[in-house]
Amino acid sequence: MKDIYPNSKSRCSINLYTAFLLSCPTRVACTKLSNVYGGISHDSVNRFLEKSKFVPKQLFLEAKKLLKLNLVGGYISVDDTIIDKHHCKIEDNDLVQKHYSGKHKKVVKGVCLITLFYTDLNGKKTPINYRVFVKDKTASKNELIRDMLKEALSWNIKPAYVTSDSFYATKENLFWFKSKGFGICVGCTSKSLIIQKPKRVSGETFNSDYCTQQLSKTDIPREGKLLLHTTFGLVSMFRVNLKRSKDVKYYMVKEPGKGSDQEQNLVSIKNFKRLRSIHWNIELYHKILKNNCSIESFMVRTKSSVTTHIHCALRAFILLQLNKLKKVIRSEDELRIKLYGRICRLFLLAIHELNTLAFPVKLANSNELLKNREFW
């Protein structure tokens, strides 16, 4: 990938740091990488994080090349996540602020990462664009995602659908999606206004006798219902009852290229479930970033170092997807399971050899006890 990532002047490289994120189960620190790898100093790792200036397009180009993405007719999902930094002082890090977290259901300290997540027609999944959101210093989240989508379109990505939750289903965003001919599958709040006719005669169109009301007061059957949204026009509206709570979620779906009301037909429940499942990929992506790519465990403070760490964590996700496609691993968890399974086996064999739970020798030298044995 030398054509995408030029060689670093530091002895630490992007490949080395990305592999470290994939393999390290605890806090990621420059000194830890130096101690484990042994061939570089912690200053070299710190210089790599500080001096590297990676941009989202490099991430997209690598994902396109490695995963062989189909850029036409796919699905772009929009969402954000909070990288928790509960014990970090806000004044020590420009990117750490207070944000509302859906995971914790309260305002927490952390870094807000916004991602465009692409799923192609072959089921390949990858982040293609991202931003770190900072209040009062950048545009609003909705302005950022429109800029990110414009940037993605300039890279010759031609998605069929855009999916998001209700936060990004604003009037400005919906009009922009409509102007680009995108299909949509977006969440709606229960207070969203829709227009419904009390009685509809066969062959009649939505031209008169409108009844405006909130979604929460509208009877929407399981198979969905055609309703006139005050912003987006005629859409298919679906209601989902959550299993673990009594909450109800509403979703608005419109097929791509359906500009006029007369062209819109009710989307089938099967297609709606498929679109909702595709949007769920971005939630799984956030989980994998935190559990398998060490995105939350950085111990650097400067803005450039944090953004470099985040870029490498997103790149680590792409490498996991690549190895799943090649069937090297079956799941994102398998890499660490195999790595630490071998380490645990080595430790158990050393304890069995010594026949005691005490450690009479340093753990660092336990390899010497079993150097003539086959471990793997």
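So, how was this worked out
- Residues numbered from 1 in each chain as written.
- Predicted model: local features only at pLDDT ≥ 70, side-chain atom pairs only at ≥ 80, totals over all residues.
- Heavy atoms only, no water.
- Helix = DSSP H or I, 4+ residues; strand = E, 2+ residues; numbered from the N terminus.
- Buried < 20%, exposed > 50% of the residue type's maximum accessible area, 1.4 Å probe, protein only.
- Contact = heavy atoms within 4.5 Å.
- Areas by Shrake-Rupley, 256 points an atom, 1.4 Å probe, with all protein chains shown as cover.
- pLDDT = per-residue confidence, 0-100.
- Patch = residues over 30% accessible without salt bridge, like charges linked within 9 Å, V, L, I, M, F, W, Y side chains within 5 Å.
- Salt bridge = Lys/Arg side-chain N within 4 Å of Asp/Glu carboxyl O.
- Axes fitted to C-alpha atoms, helices over the stretch in contact; angles between N-to-C directions.
- Parallel < 35°, antiparallel > 145°, perpendicular 65-115°, else oblique.
- Nonpolar A, V, L, I, M, F, W, Y, C, P; charged D, E, K, R; others polar.
- Core = buried A, V, L, I, M, F, W, Y, C linked by side-chain atoms within 4.5 Å.
- 1 Å grid on protein atoms, 1.4 Å probe; cavity = no way out; pocket = protein on both sides within 12 Å on 5 of 7 lines; lining within 4 Å.
- Points joined across faces, edges and corners; volume = space filled by probe spheres on them.
- Polar contact = N/O pair within 3.5 Å; in protein donor to acceptor, adjacent residues only side chain to side chain.
- Left-handed = near helix turned anticlockwise from the far one by under 90°.
- Pairing = 2+ DSSP bridges.

Colleague: In this structure, what is going on with the overall build of the protein? I would like to understand it.
Modeller: Helix and strand counts for the protein come out as 10 helices and 11 strands. Here the protein holds 376 residues, and 48% of them are scored as buried. When contacts within the protein are restricted to residue pairs at least 6 apart in sequence, long-range pairs at least 24 apart make up 62% of them. Surface exposure of the protein reaches about 20500 Å², of which carbon and sulfur atoms provide 52%.

Colleague: I would appreciate a short explanation of the confidence of the model for the protein in the present structure.
Modeller: Low pLDDT marks stretches whose predicted atomic positions should not be read closely. Scored by pLDDT, the protein comes out at a mean of 85, with 88% of its residues at no less than 70. For residues 198-202, every residue scores under 50 in pLDDT, and the model assigns this stretch 4 contacts once sequence neighbours within four places are set aside. Across residues 369-376, where pLDDT falls below 50, the model places 16 contacts with residues more than four positions away in sequence or in other chains.

Colleague: Where do I start with a nonpolar patch on the surface in this structure?
Modeller: Where nonpolar side chains cluster on the molecular surface, the patch consists of L339, Y340 and I343 and spans about 240 Å² of accessible area. With respect to the helices and strands, the residue Y340 is situated in helix α9 (residues 334-354).

Colleague: Even after reading the chapter, I still don't get the packing of helix α4 (residues 56-67) against helix α8 (residues 303-325), so can you show me in this structure?
Modeller: Helix-helix packing: each pair is described by the crossing angle between the helix axes and the interaxial distance. In the contact formed by α4 and α8, the axes pass within 10 Å of each other and the chain directions differ by 5 degrees. Taken together, the axes of α4 and α8 lie roughly parallel to each other. The segment α4 lies against α8, with Q58, L59, E62, A63, L66 and L67 engaging H311, L314, R315, I318, L319, Q321, L322 and L325. Counted by class, the contact of α4 with α8 contains 9 nonpolar, 3 polar and 2 charged residues.

Colleague: Is there a simple way to think about the nonpolar core in this case?
Modeller: Generally speaking, nonpolar side chains in soluble globular proteins are found buried as a group. Core analysis: the biggest nonpolar cluster contains 89 residues, and Y17 and L113 have the highest contact counts within it. Counting residues per element, this core draws most heavily on α8, at 10 residues. Counting 12 residues, the second largest nonpolar core, distinct from the first, contains Y161, C185, Y251 and F272.

Colleague: Can you walk me through unusual backbone geometry in this structure?
Modeller: Glycine aside, residues mostly have negative phi angles, and peptide bonds mostly take the trans form. In this structure, N156 is a non-glycine residue whose phi angle is positive, near 70 degrees. Here N156 shows up in the loop between α5 (141-153) and β5 (161-164). You can call N156 exposed: its relative accessible area is 54%. Here the phi dihedral of K327 falls at roughly 65 degrees; this positive angle occurs in a residue that is not glycine. Among the structural elements, K327 can be located in the loop between α8 and α9. With relative accessibility at 76%, the residue K327 sits in the exposed group.

Colleague: What am I meant to see in the layout of surface pockets here?
Modeller: Once rolled over the atoms, a probe with the size of a water molecule shows which space is left empty. By volume, the largest pocket is sized at about 1900 Å³. Surrounding the largest pocket, 41 residues form its lining, D79, K105, K249, W280 and E283 being those nearest its centre. For the lining of the largest pocket, the secondary structure elements donating two or more residues are β1 (75-84), β2 (97-101), β6 (183-188), β10 (233-241), β11 (248-254) and α7 (269-292). For the lining of the largest pocket, the element with the most residues is α7, which contributes 11 residues. Residues belonging to the lining of the largest pocket are distributed by class as follows: 12 nonpolar, 14 polar and 15 charged. Lining the second largest pocket are 23 residues, with R27, K85, E296, F298 and M299 positioned closest to its centre. Residue composition of the lining of the second largest pocket, grouped by class: 7 nonpolar, 7 polar and 9 charged.

Colleague: So what exactly am I meant to see when it comes to helix α1 (residues 14-23) here?
Modeller: Turn by turn, an α-helix covers 3.6 residues, leaving residues three or four places apart pointing in a common direction. Of all 10 residues that make up α1, 7 are buried, and the element is covered over most of its length. Taken as a whole, α1 has its buried residues at I14, L16, Y17, T18, F20, L21 and L22.

Colleague: Where do I start with the side chain of Q213 in this structure?
Modeller: Positionally, Q213 belongs in strand β8 (residues 211-214). By relative accessible area, Q213 is classed as buried at 18%. Within the structure, Q213 has its side chain in polar contact with the side chain of T218 (distance 2.8 Å).

Colleague: Got a minute to help me understand the packing of α5 against helix α6 (residues 171-179) in this structure?
Modeller: Interhelical geometry of α5 versus α6 gives an angle of 15 degrees and a closest axis separation of 10 Å. One element, α5, and the other, α6, form an angle in the roughly parallel class. For α5 against α6, the interelement crossing comes out right-handed. Between α5 and α6, the contacting residues are N142, I145, R146, L149, K150 and L153 on the first element and E172, N173, W176 and F177 on the second.

Colleague: In this structure, what is going on with the pairing of β1? I would like to understand it.
Modeller: Both faces of the sheet carry side chains from a regular strand, because those side chains alternate between them. Within β1, 10 of the 10 residues are buried, which leaves it mostly tucked inside the rest of the structure. Burial along β1 is two-sided: Y75, S77, D79, T81 and I83 and I76, V78, D80, I82 and D84, pointing in opposite directions, are all buried. One ladder, built from 10 bridges, connects β1 with strand β3 (residues 106-119); its direction is antiparallel. Looking at the pairing, V78 lines up with L116 of β3.

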